[in-house]
Amino acid sequence: MEQTLYLDRHYSLVEACKRGDRKAQYELYRLYSKSMFNVCMRILNHMGEAEDVLQEAFLDAFQKIHDFRQTSTFGAWLKQIVVNRAINQLRQRKVQWVEVEEAEYVGEEALLQDETDWEVERVRAAIQRLPDGFRTVLSLYLLEGYDHEEIAEVLGISESTSRTQYMRAKRKLVEILST
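The present account deals with the structure reproduced in this document.

Quick notes on the rules
- Residue numbers here run from 1 along each chain, matching the order of that chain's written sequence.
- For this predicted model, a pLDDT threshold of at least 70 governs which residues receive local features, and a threshold of 80 or more governs which side-chain atom pairs are given and counted, while totals over whole chains, interfaces and linings are taken from all residues.
- By convention in this description, side-chain values take in all heavy atoms of the structure and omit both hydrogens and water.
- Each salt bridge in this description consists of a side-chain nitrogen of Lys or Arg and a carboxyl oxygen of Asp or Glu lying within 4 Å of one another.
- What counts as a helix is a DSSP run of H or I of at least four residues, what counts as a strand is a run of E of at least two, and both are numbered from the N terminus.
- Classification of residues uses two cut-offs on accessible area relative to the type maximum, computed with a 1.4 Å probe and protein chains only: under 20% is buried, over 50% is exposed, and between them is partly exposed.
- By definition, residues are in contact when any of their heavy atoms lie within 4.5 Å.
- Axis definition: a line fitted to C-alpha atoms, limited for helices to the stretch in contact. Angles are taken between N-to-C directions and run from 0 to 180 degrees.
- Angles are sorted into four bins: roughly parallel if under 35 degrees, roughly antiparallel if over 145, roughly perpendicular if 65 to 115, and oblique for all others.
- By definition, turning the near helix anticlockwise from the far helix through less than a right angle yields a left-handed crossing, and turning it clockwise yields a right-handed one.
- Gly counts as polar in this scheme, as do all residues outside two lists: the nonpolar Ala, Val, Leu, Ile, Met, Phe, Trp, Tyr, Cys and Pro, and the charged Asp, Glu, Lys and Arg.

1. Looking at the pattern of salt bridges
Thinking step 1. Summed over all chains, the structure comprises nine salt bridges.
Thinking step 2. Of the charged contacts in the structure, one is a salt bridge between Glu-144 and Arg-42, with a shortest N-O distance of 2.5 Å. Of this pair, Glu-144 sits in the loop between α7 (132–143) and α8 (148–155) while Arg-42 sits in helix α2 (residues 22–44), and the two are 102 residues apart along the sequence.
Thinking step 3. Each of the salt bridges in this network shares a partner with another, and the network as a whole consists of Arg-42, Lys-79 and Glu-144.

And the structure:
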């Protein structure tokens, strides 16, 4: 199978990091830290943990920078490290994933028929109020663009559990926003 190499706009910075250039590391950190922190917050919903995970993820990335082969952009590669770190942190909290029967699955279309324009801040605050499992699956699916198969693999749950957690998260989110 042929792999595609991506021309990354930060290629020169990545190459400088591979040579041990600290200024290049700082520049990559400056370019990506805010967006990666937001990924951590969406998954963890705890500022201190998100900050710690962010730092550990960047340390991992810079230690493994020689493994980066340009089969994706640097940002996508880094995001995978950040998501994995955040999920590992979440697992340390002992999040309970609920296994359910496939028959309990309800079509997505039925849950959000009334497409109301909610203010971004109100929705963000409501997402933060979701239980960890719901918030994680919802964030990975809606905000990070993972599909249920990828979520299941990353979280170590079944695909049907991912779908169910997502559906319940949406239902709970609608409930929170309705009050």
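2. Examining the environment of Val-83
Thinking step 1. As for its position among the elements, Val-83 is in helix α4 (residues 74–92).
Thinking step 2. Its relative accessible area of 0% is what places Val-83 among the buried residues.
Thinking step 3. C-alpha separation for the pair Val-83 and Met-36, spaced 47 residues apart in sequence, amounts to 8.7 Å.
Thinking step 4. The contact partners of Val-83, leaving out residues within four places of it in the chain, are Val-39, Ile-43, Leu-140 and Tyr-146.

3. Some points on the packing of α7 against α8
Thinking step 1. For the pair α7 and α8, the least separation of the axes is 10 Å and the interaxial angle reads 135 degrees. By the angle between their axes, α7 is oblique relative to α8. Crossing of α7 over α8 shows right-handed handedness. In this structure, α7 uses Thr-136, Val-137, Leu-140 and Tyr-141 to contact α8, whose residues at the interface are His-148, Ile-151 and Leu-155.
Thinking step 2. Residues belonging to the contact of α7 with α8 are distributed by class as follows: five nonpolar, two polar and no charged.

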